[in-house]
Amino acid sequence: MIVCCSATIGNPAELAAALTGRQPRLVDRNGAPSGERHVLMIQPPLLDPATGARGSAQTLATRWALPFLRAGRQTLVFGRSRVGVELMLSTLREALRLGDGPRSRVRGYRGGYLPTERRAVERGLRDGELLGVVTTNALELGVDVGQLDVAILAGYPGSIAATWQQMGRAGRRQSTSVAVLIAGGGPVDRYVVEHPEFLLASTPEEARLDPDNLHVLLAHLKAACFELPFEPGEHFGPSEAEPLLAFLGEEGLVRRAGDDRWYWSNENFPASSVSLRAAAEENVVIIDTTPDRPRVIGEIDIFAAQTLVHEDAIYIHESTQYHVDKLDWDERKAYVRRVDIDHYTYADRAVTLKPLETFATAAVTGGSRAHGEVMVSSLVSMFKKLKFGTDENLGWGPVHLPEIELQTTSYWLMAGGAAHGWRRADLDVALIGVGRAMQAVAAVMLMVDPRDLGLVSQVRSPHNQEPTVYLYECVPGGVGLSERLFERHAELVAGAAELIAACDCASGCPACTGPRLEPDVDAKALALRLLSALVSGPASIAAAPNAA
Amino acid sequence: MDGTRLQRGLDNLRRGRVAADRAAAARAERSGEADPDIRRAIASIVAAADSFRAPQPVWRDVGPVDAAALAHRLAAGLDGDAIQTPRGWYVRRELRPVYLPVDRERLASLPGMPPPSAPLLCLDTETTGLGSAAGTVAFLIGLAWWEGERLRLLQLALPDHSEEGALLDALAAETPRNAWLVTYNGRSFDWPLLETRFRMNRDRPPGLDAHLDLLLLVRRLFRHRLPDARLQTVERHLLRRHRAPDIPASEIPAIYHSFLRGGPTGPLRVVARHNAEDVVTLGRILAHLERGYGIGEVRRWAPKGDLVRLARLFRHEGRTDEALSCLAEAATGIEGGDPDTALATVELARLLRRHGRIAEAGVTWSRLVAAPGPLAALGWIELAKEREHRERNLASAWAATDEALLALYRSRGQGQAILRRGLEADLAGRRARLARRLARATA
């Protein structure tokens, strides 16, 4: 018998069936006692309608956390990024130090801390030793810290399920608890906070599992075959194992023996190359060379390493700043040294995309749509130095690291008809704006984390010679999102038009068309003009199933 | 997933692979040379082999093969016999016995050693993977046992994954009842792996009377003078035997997988030689122990550090008299300046004291002061205690602490390690207390 448990997904029975291949019985009555809970949703004020600049979610989050911490209430603050977590932790500690507060009882927690450090924080929360913890979603799933008083979310975590996971950390059986969601700068955040019913009324996302994802399927098959040979004609997952085994055979990983069974026949241990938590297979170890005996202070996956511990980066760990002296990429080691300076660094990722194969294509108003397999290469080539507090740009530096490649699936929109007669510079701005809005709408429509979808726009794609917007999946091989986007293309463009039109900014902002690149370009008007030539009928995002 | 989509996906991956291979080949050509580690590994294989080509990394023919054909090819390659049983094929290879007389009575006099009548079976396996996970299989099992003064050698080899039942049956048949298994790291690697393989084949592993893992013994007795405790290190440093160029253990699984895919048998021959040497080394270690450390005159020539460790093993078994005799042997000639002699003297004095032989312990401690190293301090400290508490001579006790400190300072000046942390502080404390008592007594 297999028992599957889930707190926050919309389709537990369906997921259990897909996971186990058996028909499950659903038990979904929650009998646990719970106290009163207040949910607050906060939209940071618009500071400048011209640029669309809003108050920062992180600043508001620390401001909300302080009174609770001073009152001795156990409080969790969730940030969306590792850097954000460290910045909020520094701010909180500083404020508590000035106000004579419980400074030492506030700690950080995120991926990249060592297991022992993490266990200490978890224990501290459980037995009440710690009062406040600033964390990423690392503390969201499967970590036992007991029930706390207050949860503050600096930014929408990306999905309803994750939001309830994080908010659910606050909630005593007897006493009152508080959950605060503060919208970040992005369009999805804005949409969620402006439509509280989206969070409060709609069912959580459906967990999706694509048993057909070849990468996942092959990895499972390798591990299975290592343990026991496959019989001829045996099934694995949705189909017969034979063609997959033959493929692995060509790779030199399995082999058919004289008894017609397939055996693992490679000296490597297949499970060791699969990670349950991170997308990347390998980690970079971070070594602090400040003390006489260098010590390991953490490790991060290679994708994050490219933006966080490139040479000359300022890496922040437990609100201590470290300068990265050397990143030995081949050895997967970053050597850092403790420093105390007034800035942090932010590295940008340049992404290029190349279609490998088109699965389907169809004509639409103003152009055509398609989905298929693509190769995405990401390269980190430079970083910015930003001043603490004001985020003022203090300069930049180069990053020399190899490209990372991702083979995945993508949906794309070719706007050759709609863009006829446009100036190149205007079209560039319009495509980026349309892409950003479509990315946000797609995330809401498919109920996925916006970070699960990547965006690339090309004014004149080298592959189809047309202006093109790609939305690609960030998981190797994809999980079927692009096919769904292809099918719901009309809703997608209509929703994007509505999102931009409804925004209260003057000429484009991070909450609709994305951060403005040049001050005197009206991205909002350009994006709307392009969209008007792409929208076909009266479809709207509000009409999308499950969305509102 | 429908068949066409799956096929399309696989074809995409295949195209990607071709492109990746091409890119890798281009990179290799550009850089002009392979990774230094790989080059070293290849060089060592080439050096080791007399007549074979290096294995190809990947063999892409996957058609089903005939186990009988593989068995005959393997037998021909290893110069053994392909044997058919109801459960399949295996290859059996008898090697020329090695003359290696061992006095089992004397061997049995050592701690943890088998009684003279117990049948011994030395065993070493070569496996298809480096870890001991569920899918790792032993493809070559080397066995050795004594027949009179000769060590008989037998190797059992697996022609294909499907034939494992036959191989395991053969192993069970060769394992005598009441056998003592002799291995090197077999307690945590070879034997649990074989037990798993028997169970995966729905068989019961053969029963053993005991399992003598020589790694544990070698660590306790000889680790203090070996750079590490690997079998080949033991062979070189302890047995003073030098192997012909050998294959690195990490290369072995790939060689077997390559053979299964139609690769050459030459490299497997080198693996078999490696395995045979490992098994014989197990026998040689037992012979070395018996000759150098068994009861009697020979022990006198054993390194003193070894005797101190041997005494510890005796003590753990409660064989105090034998422990004392080892230590007494090692403690002779303290003036020679050998630190192991001094260590033996300390342990001898402590053991004597623990068993109430105070007078002998005292004599031993007083011999220690003649030792040249920091251990002399321990002798002086014991003398200080003796003089303070039994002789009640505070002045000479105080003088002894002085000598002890002097010995420590001197050895530190010569860059020798201090015996234990806090020793100097303790000693200074004792000296100060004696000084106070002296002052009170004279006042």
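**With respect to the overall build of chain B**
Right, so step 1: Looking only at helices and strands, chain B has 17 helices and seven strands in total.
Right, so step 2: Counting the 443 residues in chain B, one finds 49% classified as buried.
Right, so step 3: Residue pairs in contact within chain B that sit at least 24 positions apart in sequence constitute 66% of those at least 6 positions apart.
Right, so step 4: Total accessible area on chain B is roughly 21,400 Å²; 51% of this is exposed by carbon and sulfur atoms.

**Thoughts on the packing of helix H3 (residues 67–78) of chain B against helix H10 (residues 266–293) of chain B**
Residue and element names in this part refer to chain B.
Right, so step 1: Running from amino to carboxyl end, H3 crosses H10 at an angle of 60°, the nearest separation of the two axes being 9 Å. Here H10 runs oblique to H3, going by the angle between their axes. In terms of crossing hand, the pair formed by H3 and H10 is right-handed. In this structure, H3 contributes Leu-74, Gly-77 and Leu-78 to the contact, and H10 contributes Leu-268, Arg-269 and Ala-272.

**So, the environment of Leu181(A)**
All names here are of chain A.
Right, so step 1: On the secondary structure map, Leu-181 appears in strand E8 (residues 177–182).
Right, so step 2: Judged by its relative accessible area of 0%, Leu-181 is buried.
Right, so step 3: Residues Leu-181 and Ile-42, 139 residues apart in the sequence, show an inter-C-alpha distance of 6.1 Å.
Right, so step 4: In this structure Leu-181 touches Leu-40, Met-41, Ile-42, Leu-153, Gly-155, Tyr-156, Pro-157, Met-167, Val-192, Val-193 and Leu-199, once residues within four positions along its chain are discounted.

**Focus on the packing of aromatic side chains**
Residues and elements named next belong to chain A.
Right, so step 1: Inspection of the entire model under this criterion finds seven aromatic pairs over all chains.
Right, so step 2: Here the aromatic cluster, defined as three or more aromatic residues joined through ring pairs, consists of Phe-226, Trp-264 and Phe-269.
Right, so step 3: When the ring centre of Trp-329 is taken as origin, the NZ or CZ atom of Arg-332, which lies over that ring, is 4.8 Å away.
Right, so step 4: The lysine or arginine in question, Arg-529, covers the ring of Trp-422, its NZ or CZ lying 4.0 Å from the ring centre.

**Description of the sheet that holds strand E6 (residues 132–135) of chain A**
All names here are of chain A.
Right, so step 1: Here six strands make up an open sheet; going across it, the order is E1-E8-E7-E4-E6-E5 and the pairing parallel. The open sheet terminates on both sides in strands that have one partner only, identified here as strand E1 (37–42) and strand E5 (106–109). Strand-to-strand twist of the sheet, defined as the mean angle between neighbouring strand axes without regard to direction, takes the value 15°.
Right, so step 2: With four bridges joining them, strand E4 (residues 75–78) and strand E7 (residues 150–154) adopt parallel strand pairing. What sits directly across from Val-77, in E7, is Ile-152.
Right, so step 3: The sheet contacts of helix H5 (residues 160–167) involve E1, E4, E7 and E8, and relative to E7 the element is tilted by about 140°.

**A short note on the interface of chain B and chain A**
Right, so step 1: At the interface, 37 residues of chain B touch 35 residues of chain A.
Right, so step 2: A combined buried area of about 3,000 Å² lies between chain B and chain A, and 56% of that area is made up of carbon and sulfur atoms.
Right, so step 3: For the pair chain B and chain A, the interface holds one salt bridge.
Right, so step 4: There are eight residue pairs in polar contact (both at pLDDT 80 or more) connecting chain B and chain A.
Right, so step 5: Within the residue set of the side of chain B that touches chain A, elements represented by two or more residues are helix H1 (3–31), H3 and helix H9 (252–260) of chain B.
Right, so step 6: Among the elements that make up the side of chain B that touches chain A, the one with the highest residue count is H1(B) (eleven residues).
Right, so step 7: Across the side of chain B that touches chain A, the residue classes tally to 18 nonpolar, eleven polar and eight charged.

**What about the state of the cysteines?**
Right, so step 1: The tally for this structure, following the rule as stated, stands at zero disulfides over all chains.
Right, so step 2: Cys4(A) provides the cysteine sulfur closest to Cys5(A), a residue in no disulfide bond, and the two sulfurs are 7.5 Å apart.

**A few points about the pairing of strand E18 (residues 343–364) of chain A**
All names here are of chain A.
Right, so step 1: Sheet topology note: the E18/strand E19 (residues 367–387) ladder contains 20 bridges and is antiparallel. Following the sheet pairing, Leu-353 is matched in E19 by Val-376.
Right, so step 2: Counting the residues between successive antiparallel strands, the hairpin from E18 to E19 contains two residues, one of them, Gly-366, with a positive phi of roughly 80°.

**Quick look at unusual backbone geometry**
Right, so step 1: In this model, Asp312(A) sits at a positive phi of 70°, which is unusual for a non-glycine residue.
Right, so step 2: Along the chain, the position of Asp312(A) falls in the loop between helix H10 (302–308) and strand E15 (314–317).
Right, so step 3: Judged by its relative accessible area of 40%, Asp312(A) falls in the partly exposed class.
Right, so step 4: In the Ramachandran plot, Arg240(B) falls in the positive-phi region, its phi being about 55° despite a non-glycine side chain.
Right, so step 5: In this fold, Arg240(B) is placed in the loop between helix H8 (231–237) and H9.
Right, so step 6: For Arg240(B), a relative accessible area of 65% gives the class exposed.

Conventions used here
Per-chain numbering applies: the sequence of each chain, read as written, is numbered from 1 onward. Chain letters and ligand numbers both follow the written order, the letters beginning at A and the numbers at 1. With pLDDT at 70 or above as the cut-off, local features in this predicted model cover only qualifying residues; side-chain atom pairs require 80 or more to be listed or tallied, and sums for whole chains, interfaces and linings still use all residues. Only hydrogens and water are set aside when side-chain values are computed; all heavy atoms of the structure are taken into account. Strands here are runs of E lasting at least two residues and helices are runs of H or I lasting at least four, both read from the DSSP assignment and numbered beginning at the N terminus. Exposure classes here rest on a 1.4 Å probe applied to the protein chains alone. A residue is buried below 20% of its type maximum, exposed above 50%, and partly exposed in between. Residue contacts are counted whenever heavy atoms from the two residues lie within 4.5 Å of one another. Per-residue and other accessible areas follow the Shrake-Rupley method at a 1.4 Å probe size, with only the shown protein chains counted as cover for residues. Lines fitted to C-alpha atoms define the axes here, with helix axes fitted over just the stretch in contact, and angles between the N-to-C directions of these axes take values from 0 to 180 degrees. Under this scheme an angle from 65 to 115 degrees is roughly perpendicular, one under 35 degrees roughly parallel, and one over 145 degrees roughly antiparallel; angles in between are oblique. Crossing handedness follows the turn of the near helix against the far one: under a right angle anticlockwise gives a left-handed crossing, and clockwise gives a right-handed one. When the centres of two rings from Phe, Tyr and Trp lie within 6.5 Å, Trp using its six-membered ring, the rings pair. Their planes under 30 degrees apart give stacked, over 60 give edge-to-face, and anything left gives tilted. As a reminder, the over-ring test applies to NZ of lysine and CZ of arginine, requiring each to be within 6 Å of the ring centre and within 35 degrees of the ring normal. Here, strands pair whenever DSSP counts at least two bridges between them. Buried area counts how much accessible surface, traced with a 1.4 Å probe, disappears from two parts once they are put together, with both parts' losses summed. Throughout this description, the term salt bridge denotes a Lys or Arg side-chain nitrogen within 4 Å of a carboxyl oxygen of Asp or Glu. For the purposes of these results, a polar contact is taken to be a pair of N or O atoms within 3.5 Å, where, inside protein, one atom must be able to donate a hydrogen and its partner to accept one; residues adjacent in sequence count only when each atom of the pair is a side-chain atom. Lys, Arg, Asp and Glu make up the charged group, whereas Ala, Val, Leu, Ile, Met, Phe, Trp, Tyr, Cys and Pro make up the nonpolar group; the residues left over, Gly among them, are polar. What counts as a disulfide here is a pair of cysteine sulfur atoms lying within 2.5 Å.

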